[in-house]
Amino acid sequence: FGCTLLGMFLALFVRMMAEGMTSSGARPSRHAAEASEFGVGAVVIHGIGHGYLTGVLPLLFVIAVVLGCNAMFSFYGVALCAVSFLCLMMILVSMSGFAAITETSLRIAEMVDMKEKAKARLLLLAYFGRA
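Residues numbered from 1 in each chain as written. Predicted model: local features only at pLDDT ≥ 70, side-chain atom pairs only at ≥ 80, totals over all residues. Heavy atoms only, no water.

1. Here's the deal with the overall build of the protein
The criterion, for reference: To qualify as a helix, a DSSP run of H or I must reach at least 4 residues; to qualify as a strand, a run of E must reach at least 2; elements of each kind are numbered from the N terminus. Taken over C-alpha atoms, the radius of gyration is set against a globule rule of 2.2 Å times the number of residues to the power 0.38. Whether a residue is buried, partly exposed or exposed follows from its accessible area with a 1.4 Å probe, protein chains only, as a fraction of its type maximum: under 20%, in between, or over 50%, in that order. The contact criterion used throughout is that any non-hydrogen atoms of two residues lie within 4.5 Å. The protein chains shown are the only cover counted for residues, whose accessible areas, like all others here, come from Shrake-Rupley with a 1.4 Å probe.
The number of helices and strands found in the protein is four helices and zero strands. Of the regular secondary structure in the protein, the N- to C-terminal order runs α-α-α-α. A globule of 131 residues ought to have a C-alpha radius of gyration of about 14 Å, yet the protein, at 19 Å, is considerably larger. Expressed as lengths along the three principal axes of its C-alpha atoms, the size of the protein is roughly 60 × 45 × 15 Å. Within the protein, the proportion of its 131 residues that are buried is 22%. Here the contacts in the protein between residues at least 6 apart in sequence split such that 60% fall between residues at least 24 apart. Accessible area of the protein: about 9,100 Å², with a carbon and sulfur share of 76%.

2. Some remarks on the side chain of Ser-84
Mapped onto the fold, Ser-84 is located in helix 3 (residues 40–111). If we ignore the near neighbours within four places in the chain, the residues touching Ser-84 are Cys-3, Thr-4, Gly-7 and Met-8.

3. Thoughts on the nonpolar core
To keep things clear, this is the line we draw: Side-chain atoms within 4.5 Å are what join buried Ala, Val, Leu, Ile, Met, Phe, Trp, Tyr and Cys residues into a set we call a nonpolar core.
In this structure, Cys-3, Leu-10, Ala-11, Val-65, Cys-69, Cys-81, Phe-85, Leu-88, Met-89 and Leu-92 together form the largest nonpolar core, which totals 10 residues. Of all elements in the fold, only helix 1 (2–22) and helix 3 reach the threshold of two or more residues within this core. Among the elements that make up this core, the one with the highest residue count is helix 3 (seven residues).

4. What to know about the packing of aromatic side chains
This is how it is decided: Aromatic rings from Phe, Tyr and Trp, taking only the six-membered ring of Trp, are treated as a pair when their centres fall within 6.5 Å; an angle between ring planes under 30 degrees marks them as stacked, one over 60 as edge-to-face, and anything in between as tilted.
All told, the structure shown has one aromatic pair when counted by the stated rule. With centroids separated by 4.4 Å and ring planes inclined at 35 degrees, the aromatic side chains of Phe-13 and Phe-61 adopt a geometry described as tilted. Taken as a pair, Phe-13 in helix 1 and Phe-61 in helix 3 lie far apart in primary sequence, 48 residues in all. Since its relative accessible area comes to 32%, Phe-61 is described here as partly exposed.

5. Points about helix 3
The test is simple: To estimate the expected span of a helix, count its residues, drop one, and scale the result by 1.5 Å. Consider a residue and the seven residues that end there alongside the seven that start there; fitting an axis to each set, the bend is the angle between those axes.
End to end, helix 3 covers just 29 Å across 72 residues, shorter than the expected 106 Å (1.5 Å per residue, more than 12% under). In the structure, helix 3 departs most strongly from a straight axis at Phe-73, where the bend amounts to approximately 135 degrees. Positioned one or two residues after helix 3, Asp-113 has a phi angle of 55 degrees, which is positive.

6. Remarks on the environment of Val-40
Turning to its location among the elements, Val-40 is positioned in helix 3. Look at Val-40 and you get exposed, because its relative accessible area is 65%.

7. Here's the deal with unusual backbone geometry
Even without being glycine, Ser-74 reaches a positive phi, approximately 60 degrees. Relative to the helices and strands, Ser-74 is located in helix 3.

8. Some remarks on the confidence of the model for the protein
Note the following rule: Values of pLDDT, the confidence the predictor places in each residue, fall between 0 and 100.
When the pLDDT values of the protein are averaged, the result is 81; 92% of them are 70 or greater. In the model of the protein, helix 2 (residues 27–35) stands out as the element of lowest mean pLDDT, 74, in contrast to helix 1, which has the highest, 84.

9. Here's the deal with the environment of Ala-100
Within the secondary structure layout, Ala-100 lies in helix 3. Looking at Ala-100, the relative accessible area reads 43%, which means it is partly exposed. For the pair formed by Ala-100 and Phe-75, sequence separation is 25 residues and the distance between their alpha carbons is 37 Å.

Given below as structure tokens:
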């Protein structure tokens, strides 16, 4: 049971790290926007460096969780952790994709002047996707 919970917490941690580093209000995103003043090359270099730095903390956390599960229940614990991690990540990633699709659909509906009833439905779906 403990390894399963660790896998779930690992999935939530990885998701929070990704969201915190890539959201439009996050400091790394603002730095990338500021780097664009110096040209495309600066943005590419900043993006690659930031990508490497963003992956370090989740990687260390994954290593710690795997070692902890291995110490508790050997390979069976690692397998339980991996299954719970993958199941929860699948749900979190699909929700993120749903949010992006509904936001895009709502913007397209506003551009082509769809009926207000259709816009209201898309807006409701967009709110659900953001949750």
